[in-house]
Amino acid sequence: MHPAISVICFTLFSGAGYGLLSFLCLDDLFDLNFNLSSARHMGLVVVALVLITVGLLASTLHLANPRNAWRAFFRFRTSWLSREGVFAVLLYPVALFWLFTLWGSDAGGSKVLAALTFLLCIATLFSTGMIYACLKTIRQWNTALTPTNYILLGFMLGSLVLVASGAGNVTIALIMVGAAALGKLIYYYWIGQPAGPTINSALGFTRATVRLLDVGHGEGNFLTEEFGYEVAKAKLIWLRLISIALAFLLPALLLLAFGATAGIPAMLCGFAGVFVERWLFFAEARHVVNLYHGAQAT
Amino acid sequence: MKLGLVIDLDTCVGCHACAVACKQWNTSGTSGPLSDYEPYGAEPSGVWFNRIRHYEVDDYPNNKTINAPMSCMHCEDAACVTVCPTGASYKRPEDGIVLIDQDKCMGCNYCSWACPYGARELDRESGTMKKCTLCVDRIYDENLPEAERQPVCVLTCPSHARFFGDFDDPDSEVSKQVRQRSGYSMMPEQGYQPTNKYLPPRQQPAVETHKPRQVSREEHSAEDKPMAQIQRWIAQQLKRQA
Ligand code: SF4
Ligand code: SF4
Ligand code: SF4
C-alpha cells in the first residue's frame, strides 16, 4: 500500500495524543503518582488535545473531496472510519468539561468525566486500528494485532511524552515500551507466515501455474499507484531494524541509564521510531489486487 | 432480482472492445465523466470501469492464454459498501447493483481498499470514487429497443463472450450458462460472494508440436506451392475438428 504521509501523521500524532490523554485520565482516577499540579495537569491535557487535533487535521488532507467530509459521521452502524470520526468528535466536549473540572483543584477533576474521556480515547484508538484490521483484502492488516498495536504504541508514546514533560513515571513508560515492542515483534512474526489468496485462486485456475502476460495498460493507473507500492526486501528489513531500535531499544536504554533526565531524547526517538513503523505498516501491506497485476501471492 | 454478468474465458479474445465501449458510454453517463490525465502526454492514464488483463495458464505444451476482463462484480456481501463512512456507496435492494452517489462521496479511497477485485478507481478531477454501474442508465431505459437494454460491454463484445441477466431467474441466459459450463467466482475465499461469474476455458488436447513431419526434397517443392499449402492447412483443421 502506498504510505501517504498525511495518514501516517494522523495515526502517529493522534495516537500519541490519545495515549497521553488516557494516562492523564488514569492518573486522575487511580493516582499513578505523576504528582501533577492542577496547572500542569491542565497543560498536559491541552498538549494531548493539540496532538489529537493535529493528527485529525492531517487525516483530512488525503481526502480528494473534503467538501463532503461532514457526511463521514453518518455510517456509524457499519463503518469503522465513521465510528472513529464520531468517537473523535465526541471526545472533545467531554475532555474539555473534564479539563474545566481540573481547574484549581489539586485533588483532580470529575472522576466520571475522567473515566468517560478515558473510554472515548480507547474507543477512538481501537476504531483507528479497526479501520485497517477489518479489511479482508490486506492480510497484513486483517488481524486483532492491528488494533492491539495501535493502542499499545499510542500508550507508549503518551507515557514517553509524560516522562519528557518532567511528570510521569519512568517505570510505567518502560513497561509500555516493553509491551509495545512485544506486540510489534509478534506482528512481524505473524505477517511472515505465508497465507491468503494466490494468483491461482484470484483467477480460478487452481490446478496449474498462472503467469501474467500483460496488464492491459501501458502506464500506471489508480490501482498501481494506490496498491502497487513495493519496496525491496533488503530495505524493508533495514527499516524494520531502524524502527525497532528507535521506537523501543533506544528509549528503553535511555530511560534505564539516565532515568527521567533522558525523557526528551527518549520521546523524540520514540516518535521517530513509530513514524518509521507506521510507514512500514503501509509499505509492507500487500493488497490482493496485486495478484491480478502478476504477484503470485500476497 | 440479482443482475450481473457472465464472462466466457473460453471465447474472450482480449480485444478490449468492451472496455472502450464502456468508457465511451459511461463518460457521459450517471457517473461521468471518466477523466483522462494527459491523454496525449507521455504517460496517459485515466479512469476505467472495465480492465482486461492477459495471463498464461499452465506450462508448455498445455499452456493457454487467458484474457480476463474485470469490472465490478456487484458482490452480495459488498464490504466496499459497509466500510464507506459517508453512505455514498450503496447496494440497491431491488436488483443488487452497487452504485456510488457522486454527490455524497468524499474521496477517501477507503472503499477501494475494501474491494478485492480492483473495481473502484478514484477520479482525480472530480475527487470522487467511480466504478461500473452495470449501465444502470441503459438497462431500464424504455426509449431503447428492448434488445439494447443491456450493458454496452455485452452489446459490443465481438466474440459473444459476455452475457447479462438476472441470476435469480433459473431460466435466464446467465443462469443457464453458469449451470451448463460450471461458471465460477473469482477469489471466492474473500467471502464477498461476487455476482459476476466466469466460464472456464473448454478442455482441448494440446496441439502436437514435438514431431514435425519429415518432408522429402521432391515433396517439399511440390508442397511449397500455395494451393498445396492451403489444402494441407484445411486438411489439418478438419482433422482437428473431428
Ligand atoms: S467488486 Fe468491489 S466494488 Fe464491486 S461490489 Fe464487489 S467489493 Fe464492491
Ligand atoms: S471514497 Fe467515497 S464511496 Fe468510497 S468510501 Fe470514501 S466516501 Fe465512500
Ligand atoms: S469485448 Fe469481448 S472479447 Fe473483447 S475483451 Fe471484452 S469480453 Fe473479451
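On a predicted model such as this, the values are computed, not experimentally measured, just so you know.

Scoring rules and cut-offs
- Residues numbered from 1 in each chain as written.
- Chains lettered and ligands numbered in written order.
- Predicted model: local features only at pLDDT ≥ 70, side-chain atom pairs only at ≥ 80, totals over all residues.
- Heavy atoms only, no water.
- Domains from an automatic or database assignment.
- Helix = DSSP H or I, 4+ residues; strand = E, 2+ residues; numbered from the N terminus.
- Expected span 1.5 Å × (residues − 1).
- Buried < 20%, exposed > 50% of the residue type's maximum accessible area, 1.4 Å probe, protein only.
- Near = heavy atom within 4 Å.
- Nonpolar A, V, L, I, M, F, W, Y, C, P; charged D, E, K, R; others polar.
- Contact = heavy atoms within 4.5 Å.
- Buried area = accessible area lost by both parts, 1.4 Å probe.
- Salt bridge = Lys/Arg side-chain N within 4 Å of Asp/Glu carboxyl O.
- Polar contact = N/O pair within 3.5 Å; in protein donor to acceptor, adjacent residues only side chain to side chain.
- Core = buried A, V, L, I, M, F, W, Y, C linked by side-chain atoms within 4.5 Å.
- Bend = angle between axes of the 7 residues up to and from the residue.
- pLDDT = per-residue confidence, 0-100.
- Pairing = 2+ DSSP bridges.
- Axes fitted to C-alpha atoms, helices over the stretch in contact; angles between N-to-C directions.
- Parallel < 35°, antiparallel > 145°, perpendicular 65-115°, else oblique.
- Left-handed = near helix turned anticlockwise from the far one by under 90°.

**Considerations on the domain arrangement of chain B**
Moving on, step 1. One can read the domain layout of chain B as domain 1 (3–199) and domain 2 (212–242).
Moving on, step 2. Relative to domain 2 of chain B, the C-alpha centre of domain 1 of chain B lies at a distance of 45 Å.

**So, helix H10 (residues 263–283) of chain A**
Moving on, step 1. Counted at 1.5 Å a residue, the expected span for H10 of chain A with its 21 residues is 30 Å, and the 30 Å between its end C-alpha atoms agrees.
Moving on, step 2. By the criterion of burial, H10 of chain A is predominantly enclosed, with 16 of the 21 residues buried.

**Side note on the site of ligand 2**
Moving on, step 1. Neighbouring ligand 2 are 13 residues; Cys-84, Thr-86, Cys-105, Cys-108 and Cys-111 of chain B lie closest to it.
Moving on, step 2. Class assignment for the residues of the shell around ligand 2 results in nine nonpolar, four polar and no charged.

**Describing the interface of chain B and chain A**
Moving on, step 1. Facing the 57 residues of chain B at the interface are 57 residues of chain A.
Moving on, step 2. Interface area for chain B against chain A, summed over the two sides, is near 4,500 Å², with a carbon-plus-sulfur share of 58%.
Moving on, step 3. Contact with chain A buries surface across chain B, with Tyr-55, Met-106 and Trp-113 of chain B losing the most and accounting together for 17% of the total.
Moving on, step 4. Taken together, the connections running from chain B to chain A amount to three salt bridges.
Moving on, step 5. For the pair chain B and chain A, the number of links is 30 residue pairs in polar contact (both at pLDDT 80 or more).
Moving on, step 6. Every element with two or more residues in the side of chain B that touches chain A is listed here: strand E4 (51–57), strand E5 (64–70), helix H2 (79–83), helix H3 (110–114), strand E8 (121–123) and strand E9 (128–130) of chain B.
Moving on, step 7. Residue contributions to the side of chain B that touches chain A peak at seven residues, all from E4 of chain B.

**A short note on the nonpolar core**
Moving on, step 1. In terms of nonpolar packing, the biggest core is built from 147 residues, with Leu-21, Trp-141, Met-156 and Tyr-292 of chain A touching the most fellow members.
Moving on, step 2. Listed in part, the 13 residues of the second largest apolar core include Cys-18, Ala-19, Leu-99 and Val-136 of chain B.

**Re helix H9 (residues 233–258) of chain A**
All names here are of chain A.
Moving on, step 1. With 26 residues, H9 should reach 38 Å at 1.5 Å per residue; the first-to-last C-alpha distance of 36 Å fits that figure.
Moving on, step 2. The sharpest bend along H9 comes to roughly 40°, located at Ala-245.
Moving on, step 3. What H9 keeps buried is the set Leu-236, Leu-239, Ser-243, Ile-244, Ala-247, Phe-248, Pro-251, Ala-252, Leu-254 and Leu-255.
Moving on, step 4. Structurally, H9 contributes buried residues whose contacts are with helix H5 (145–164), helix H6 (170–191) and H10.

**Regarding the side chain of Glu-277 of chain A**
Residues and elements named next belong to chain A.
Moving on, step 1. Here Glu-277 shows up in helix H10.
Moving on, step 2. For Glu-277, a relative accessible area of 3% corresponds to the buried category.
Moving on, step 3. At 2.9 Å, the side chain of Glu-277 forms a polar contact with the side chain of Arg-278.
Moving on, step 4. With near-sequence residues (within four places) excluded, Glu-277 lies in contact with Leu-153, Lys-184, Tyr-188 and Ser-243.

**Points about the confidence of the model for chain B**
Moving on, step 1. The predicted model of chain B averages 92 in pLDDT, with 92% of residues at 70 or higher.
Moving on, step 2. Overall fold confidence (pTM) sits at 0.90, and the ipTM for the predicted complex is 0.93.

**As for the pattern of salt bridges**
Moving on, step 1. Following the criterion strictly, the structure yields 17 salt bridges over all chains and no others.
Moving on, step 2. A salt bridge links Glu-121 of chain B to Arg-51 of chain B, with the shortest nitrogen-to-oxygen separation between them at 2.6 Å. Here Glu-121 of chain B is found in strand E8, whereas its partner Arg-51 of chain B is found in strand E4, with 70 residues between them in sequence.
Moving on, step 3. Residue classification places Glu-121 of chain B among the buried positions, given a relative accessible area of 1%.
Moving on, step 4. Among the charged side chains, a salt-bridge network with shared partners connects Lys-184, Glu-277 and Arg-278 of chain A.

**Details of the site of ligand 1**
Moving on, step 1. In the vicinity of ligand 1 lie 14 residues, with Cys-72, Cys-75, Cys-80, Cys-115 and Arg-120 of chain B positioned nearest.
Moving on, step 2. Classifying every residue of the shell around ligand 1 by side-chain character gives eleven nonpolar, one polar and two charged.

**Quick notes on the sheet that holds strand E11 (residues 197–199) of chain B**
Residues and elements named next belong to chain B.
Moving on, step 1. The three strands are arranged E10-E1-E11 in an open sheet whose pairing can be described as mixed. A strand with exactly one partner marks an edge of an open sheet, and here the two such strands are strand E10 (162–166) and E11. Looking at each pair of strands side by side, their axes are set apart by 25° on average, direction ignored.
Moving on, step 2. One ladder, built from three bridges, connects strand E1 (residues 3–8) with E11; its direction is parallel.

**Re the packing of helix H1 (residues 5–30) of chain A against helix H4 (residues 111–133) of chain A**
Residue and element names in this part refer to chain A.
Moving on, step 1. Axis separation between H1 and H4 bottoms out at 9 Å; the angle between their running directions is 155°. Classified by the angle their axes make, H1 and H4 are roughly antiparallel. The element H1 and its partner H4 pack so that their crossing is left-handed. Note on element contacts: H4 touches H1 through Lys-111, Ala-114, Ala-115, Thr-117, Phe-118, Cys-121, Thr-124, Leu-125, Thr-128 and Tyr-132, opposite Val-7, Phe-10, Thr-11, Gly-15, Tyr-18, Leu-21, Ser-22, Cys-25, Leu-26, Asp-28 and Leu-29.
Moving on, step 2. When its residues are assigned to classes, the contact of H1 with H4 shows 13 nonpolar, six polar and two charged.

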